[in-house]
Amino acid sequence: MTDHTKAVVAFDAAIAKATTADDAFSALQTLVRDVVGAKLFTVMLVDWDLEVSRRAYTSHPETYPTSGTKPLNYGPWFDIVHGKRECYVANTIEDIAKVLFDHETINALGCQSVVNYPVIVKDKLIGTMNMLDVEGHFTPEKVETIRNVLGTPAKLAVLVATTL
């Protein structure tokens, strides 16, 4: 098992100094990059009253800006991420295309695999941490690492970002 202590300690230091939402999410992005890798990284926040999600952070603002909202994605993806509160994992662009309408843009960025990690606080889905990379990138071992190492930092980053 890989030791991620240095990366987690660096995240802890960065999140403690965060003064903006971007600072908090940038710290999380660095941790994700150091622990499992991700060519594209975003954080979506959920507004249950309006039934929309909003991109709160992105590693690619020119392609995926943080402005605007989109309706919640009800269907198989929603059943996994919200209903079962599990990671949605797809390791081919064909599987991504089954649930994400923007699969062509994702593919154009060189990404053919995705993990959407549900951020649950107070027994409620408040957002997702989204990691994308090349085909087959998110092995079962990496998904387990996401659950075991990145889950709590994801919650912390979202909570810090939404209180600044």
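Residues numbered from 1 in each chain as written. Predicted model: local features only at pLDDT ≥ 70, side-chain atom pairs only at ≥ 80, totals over all residues. Heavy atoms only, no water.

Description of the sheet that holds strand β4 (residues 88-90)
Here is step 1 of the chain: Taken together, six strands build an open sheet; the order of strands is β3-β2-β1-β6-β5-β4 and the sheet is antiparallel. The outermost strands of the open sheet, each flanked by one partner alone, are β3 (69-71) and β4. Adjacent strand axes in the sheet meet at a mean angle of 25° when their direction is disregarded.
Here is step 2 of the chain: Bridge analysis of strand β1 (residues 40-47) against strand β2 (residues 52-58) gives six bridges, and the strand direction is antiparallel. Within β2, the residue paired with Val46 across the bridge is Ser53.
Here is step 3 of the chain: The sheet strands contacting helix α6 (residues 140-163) are β1, β4, β5 (113-121) and β6 (124-133), and the helix crosses β5 at an angle near 55°. (Pairing = 2+ DSSP bridges. Helix = DSSP H or I, 4+ residues; strand = E, 2+ residues; numbered from the N terminus. Axes fitted to C-alpha atoms, helices over the stretch in contact; angles between N-to-C directions. Contact = heavy atoms within 4.5 Å.)

What to know about the environment of Thr152
Here is step 1 of the chain: Structurally, Thr152 can be placed in helix α6.
Here is step 2 of the chain: Exposure remark for Thr152: the relative accessible area of 60% places this residue in the exposed category.
Here is step 3 of the chain: As a C-alpha pair, Thr152 and Ile120 span 32 residues in sequence and 9.8 Å in three-dimensional space. (Buried < 20%, exposed > 50% of the residue type's maximum accessible area, 1.4 Å probe, protein only.)

These figures capture arrangement, not role.
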